[in-house]
Amino acid sequence: MFGYFLRRILAAIPVMAVVALFVFLLLRLTPGDPAAIIAGDMATPEQLERIRVTLGLHQPIHVQFITWVQRLLSGDFGVSLLSNKPVTTLISQRLEPTISLALLTIFLTIIISVPMGVLAAWRHGSWIDNMVMSASVLGFSIPVFVIGYILIQIFALNLGLLPVQGFTSISKGVVPFLERAILPALTLASIYIALIARMTRAAMLDVLGEDYVRTARAKGLDEKIVLFRHALRNAAVPILTVIGTGFALMISGVVVTESVFNIPGLGRLTVDAILARDYPVIQGLILFTSGIYVLINLLIDLSYAFLDPRIRY
Amino acid sequence: MSEPIVEQSVPVLRIEDLTVETSGARPAPILNGISLEIGGGETVCLVGESGSGKSVTSLATMGLLPKSALAVCQGHVLLEGEDLLRASAARLKELRATRMSMIFQEPMTALNPVLTVGYQIEEVLQAHSNLSSLEQRQLVMEMMEHVHLPDVKRIHGSYPHQLSGGQRQRIMIAMALILRPKLLIADEPTTALDVTTQRQILKLIRELQSELGTSVLFITHDMGVVADIADRVCVMHNGRIVEEGSTNAILRTPRQDYTRDLLTAVPALTPREPRNETSREAILEIVDLVKIYSTKSLFKPRRETVAAEKVNLMLRRGRTLGIVGESGSGKSTVARCAMRLIEPTSGSIRVGGQEISNLSRSALHPYRKRIQMIFQDPNRSLNPRLTVGESITEGPVNYGLSKSDAIAKAKELLELVGLPADAIDRHPHQFSGGQRQRIAIARALAMEPDVLVADEAVSALDVSVQAQVLDLLDDLQERFKVAILFITHDLRVAAQICDDVAVMQNGRVIEYGPAERVLQYPQQEYTRELLDAAPGKGWDFPNFRPLPANTPTGSFNQ
């Protein structure tokens, strides 16, 4: 088991190295003078010179790369051109809303979609199955922002139960946090619920046809135990894969939801940085989200080993 | 044969007029009113070919029929007088594992791969008893010793994939019998096991049965197993019990034609008459073949598995060489190396005198045509999306034959293997298993090969179909003078078709010679063990009599 863990962790290193190289080249390989691109059309020569010096663009490219990597390794992601604040500070300020929203979304997704999928597979072909499948088609086909505005219309405007927009940190209490986070989380979750309910159903349908499920029933076990202990655990690997990739995609895909609900998270930071051509921030965000991707995939790989003893070679 | 204990009271299991149909708009009958009875401590064999309704009978008894596909429409299933078909779901759950249990064909898939086997046995106690977890563990350990598992502590915490096939089936038996049920239903419990393991498992079932007084409903397609284990036999055909009687009566004096056919189709263990060699031409030579699988790892020492060790075999034109052995003995590895489907580690392979073990992909191309393969399971070896004609013509067209010539040839071949020429435009799912294997044979022959490699080519077929396919292979060999490399675990099949036999164990050929010598006068201990373990070896089934000068029927007196 230890060997498997170590191998997985080591395999993540080259992936991050490639991402770092790509991010570095992103600015340098854009045609024309990077400083001119950053500064925009109205820049004076002095401004251009200042940007070149700040970014070290006057040095040869390999020197630039080495300095850049050295800085990265010491945790220095550069300084925002717009606000002059360190990129790490900007990201960490915006991290909490996005991560807490993503975690809440994943939580909602799992507790809603997995039982839905299990139930649909268990009662395959019945009205429950049909309902779950129709609901998932709906979840797939309505755009995220439409669901967001519909939820706001119903729960915030018509019923007046929840605030329309904004974000409250969980450090100020769970209830105020949930009040503001539940609608965006549900909005974000809708497509994942649809996806994972379908995945769960398909994986469970396969597993329920397996001989060991028949054995479990022949032992006189409770149907609950048959479904959740025997079947779901075996169906878990593909489901978990989708949940993991879904989560990673969500971190980078919160832009729309954060705009609709006016949440000061990473998504908004990304939009602002792109509009302002704030390259150090963009680079920092790409590196950061890729890091999250790699980390989540690593966690999924490691959890396989817990779920399925055959993977612990 | 042990005397069945006749009890005065109600039989343990009594099935009356059980009728099962497929559910849906147009129900089709699967079981047509079958009736049978099992007394205390008795073993009744339900024997029949695939699709006869044996498994449906057992699943209906356990209440495990897939509801969406099959439905019981009339009859009674009485377990010690209690009607299971009218019992509530909760009551059925209670009865399972306590009064009736079931073991299945494939212990690998019947056990949950992600739970330890010890825990899977414990679950039975969790569901049906109030024992403390310590007592449960204790009882499970005892039961595991009871089924003669070695090193019980280690196995208790093992996962199914870490155990051998025989050990897994012992776990299943322990699980089924831990609460001492009255009835054990065994659905082909030894079919997926090697012969030597099969013999041990049959012996174990016998032993536990006499000790615990369990009645056994034993489902099998294998007349050899029937002869070895049954007190009474019910022969099933198309959802009916066509004949019933004591084992002796059924094997000696079968009354129904169907039973007679079944018995006549059982291949004999005595080898075929030696055939004259028609050609001295060595068509396939395997010299000092070695295949080593090694896993490389950064952190662990290199692990090597020797799948074939210095294997030497030679096959002449028009002859059949059988490679027999148990699973993992390396027989398929040798065949695959001979075809260069996998790369041998060292050694030489000569086809018609030409060394092919070191040829490049493109240089090998002309030789591929000369060795063709027939696989075990025709349901999976034929592409379901291609028509039969497309499957057969693909190879020849690839080797430059024109499409129209290839089709003409395919039609010819289809007729030769006993299928109508219009089969060419149909898809594999429209044929039965035996017909599909005929198609696979036609496909292999379309390449006009010198050597046919048949890897367990009749193992997935019913005995009657098996006999026909073996006859067909024999005819085709006469006609095309093709050499056959026949890989099988079944010594009876090997005896029927092979001129020469090589016995493999742990990657080595331990005995090699004419079939007659190897199978009649084996020199090696292992070969003798294999022959000895063949089920029903004391019977000459096609002639309805026990073999002279051999052990009496149906007992394990070794």
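Residues numbered from 1 in each chain as written. Chains lettered and ligands numbered in written order. Predicted model: local features only at pLDDT ≥ 70, side-chain atom pairs only at ≥ 80, totals over all residues.

**Let's talk about the interface of chain B and chain A**
Then, number 1: At the interface, 26 residues of chain B touch 22 residues of chain A.
Then, number 2: Listing elements by their share of the side of chain B that touches chain A, those giving two or more residues are α2 (89-95), α3 (107-110) and α4 (117-128) of chain B.
Then, number 3: Sorting elements by how many residues they give to the side of chain B that touches chain A places α4 of chain B first, with four residues.
Then, number 4: In terms of residue class, the side of chain B that touches chain A is built from 14 nonpolar, six polar and six charged. (Contact = placed C-beta atoms within 7 Å. Helix = DSSP H or I, 4+ residues; strand = E, 2+ residues; numbered from the N terminus. Nonpolar A, V, L, I, M, F, W, Y, C, P; charged D, E, K, R; others polar.)

**Looking at the domain arrangement of chain B**
Then, number 1: According to the domain assignment, chain B contains domain 1 (13-264) and domain 2 (285-357 + 483-523).
Then, number 2: A C-alpha centroid distance of 36 Å is found between domain 1 of chain B and domain 2 of chain B. (Domains from an automatic or database assignment.)

**Some points on unusual backbone geometry**
Then, number 1: Notably, N84 of chain A is not glycine yet its phi reads approximately 65°, a positive angle.
Then, number 2: Backbone geometry at H148 of chain B places phi at a positive 60°, although glycine is not the residue there.
Then, number 3: Position of H148 of chain B relative to the elements: it lies in the loop between α5 (133-146) and α6 (152-156).
Then, number 4: The exposure class of H148 of chain B is partly exposed, given the 15 C-beta atoms found within 10 Å. (Buried ≥ 20, exposed ≤ 12 C-beta atoms within 10 Å, placed from the backbone.)

**So, the sheet that holds strand β3 (residues 43-47) of chain B**
Residues and elements named next belong to chain B.
Then, number 1: Strand order across the open sheet formed by six strands is β6-β7-β8-β3-β9-β10, with mixed pairing between neighbours. Strands with a single pairing partner mark the edges of an open sheet, and in this sheet they are β6 (100-103) and β10 (240-246). Neighbour-to-neighbour, the strand axes of the sheet open up by a mean angle of 15°, direction not taken into account.
Then, number 2: Direction of pairing for β6 relative to strand β7 (residues 183-187): parallel, over a ladder of four bridges. The partner of S101 across the bridge, within β7, is L184.
Then, number 3: In the packing of helix α1 (residues 54-62) onto the sheet, the strands contacted are β3, β6, β7, β8 (215-220) and β9 (232-237), and the crossing angle to β7 comes to about 145°.
Then, number 4: Contacts from helix α11 (residues 257-265) reach β9 and β10 within the one sheet, and its direction differs from that of β9 by about 100°. (Pairing = 2+ DSSP bridges. Axes fitted to C-alpha atoms, helices over the stretch in contact; angles between N-to-C directions.)

**Focus on the domain arrangement of chain A**
Residues and elements named next belong to chain A.
Then, number 1: Domain boundaries in chain A define domain 1 (2-73) and domain 2 (90-311).
Then, number 2: One C-alpha centre belongs to domain 1, the other to domain 2; they are set 33 Å apart.
Then, number 3: Across the boundary between the two partners, domain 1 contributes 15 residues, which contact twelve residues of domain 2.
Then, number 4: Counting residues per element, the ones that place at least two in the side of domain 1 that touches domain 2 are α1 (2-28) and α2 (34-39).
Then, number 5: With twelve residues, α1 is the single largest residue contributor to the side of domain 1 that touches domain 2.

**Looking at the packing of α1 of chain A against helix α4 (residues 61-73) of chain A**
Geometry of a packed helix pair, given as the angle between the helix axes and the separation of the axes.
Residues and elements named next belong to chain A.
Then, number 1: Interaxial distance between α1 and α4 falls to 11 Å at its minimum, and their mutual angle equals 130°. Considering their axes alone, α1 and α4 lie oblique with respect to each other. Between α1 and α4 the crossing geometry is right-handed. Where α1 abuts α4, its residues A20, F24 and R28 lie against I61, F65, W68, V69 and L72. (Parallel < 35°, antiparallel > 145°, perpendicular 65-115°, else oblique. Left-handed = near helix turned anticlockwise from the far one by under 90°.)

**Thoughts on the environment of R350 of chain B**
Residues and elements named next belong to chain B.
Then, number 1: Along the chain, the position of R350 falls in strand β14 (residues 346-351).
Then, number 2: The exposure class of R350 is partly exposed, given the 17 C-beta atoms found within 10 Å.
Then, number 3: Considered as a pair, R350 and I283 are 67 residues apart in the sequence and their alpha carbons are 7.8 Å apart.
Then, number 4: Setting aside its immediate chain neighbours within four residues, R350 contacts E285, E355 and I356.

**Topic: the environment of R368 of chain B**
Then, number 1: Counting through the fold element by element, R368 of chain B comes out in helix α13 (residues 361-368).
Then, number 2: Separated by 142 residues in the primary sequence, R368 of chain B and I510 of chain B have C-alpha atoms spaced 29 Å apart.

**Let's talk about helix α17 (residues 433-445) of chain B**
All names here are of chain B.
Then, number 1: Between its terminal C-alpha atoms α17 stretches 19 Å, which fits the 18 Å expected from 13 residues at 1.5 Å a residue.
Then, number 2: With ten of 13 residues buried, α17 lies mostly within the body of the structure.
Then, number 3: The set of residues buried in α17 consists of R436, Q437, R438, I439, A440, I441, A442, R443, A444 and L445.
Then, number 4: Those residues of α17 hidden inside the fold are in contact with β16 (371-374), α14 (378-381), α15 (388-398), α16 (403-416), β17 (451-455) and α18 (463-480). (Expected span 1.5 Å × (residues − 1).)

**A closer look at the pairing of β17 of chain B**
Residues and elements named next belong to chain B.
Then, number 1: Of all five residues that make up β17, five are buried, and the element is covered over most of its length.
Then, number 2: In β17, alternate side chains face the same way, and those of V451, V453 and D455 on one face and L452 and A454 on the other are all buried.
Then, number 3: Here four bridges tie β16 to β17, and the two strands are oriented parallel to one another. Its bridge partner lying in β17, I374 is registered against A454.
Then, number 4: Bridging between β17 and strand β18 (residues 483-488) involves five bridges; their strand directions are parallel. By the bridge assignment for β18, L452 is matched with I484.

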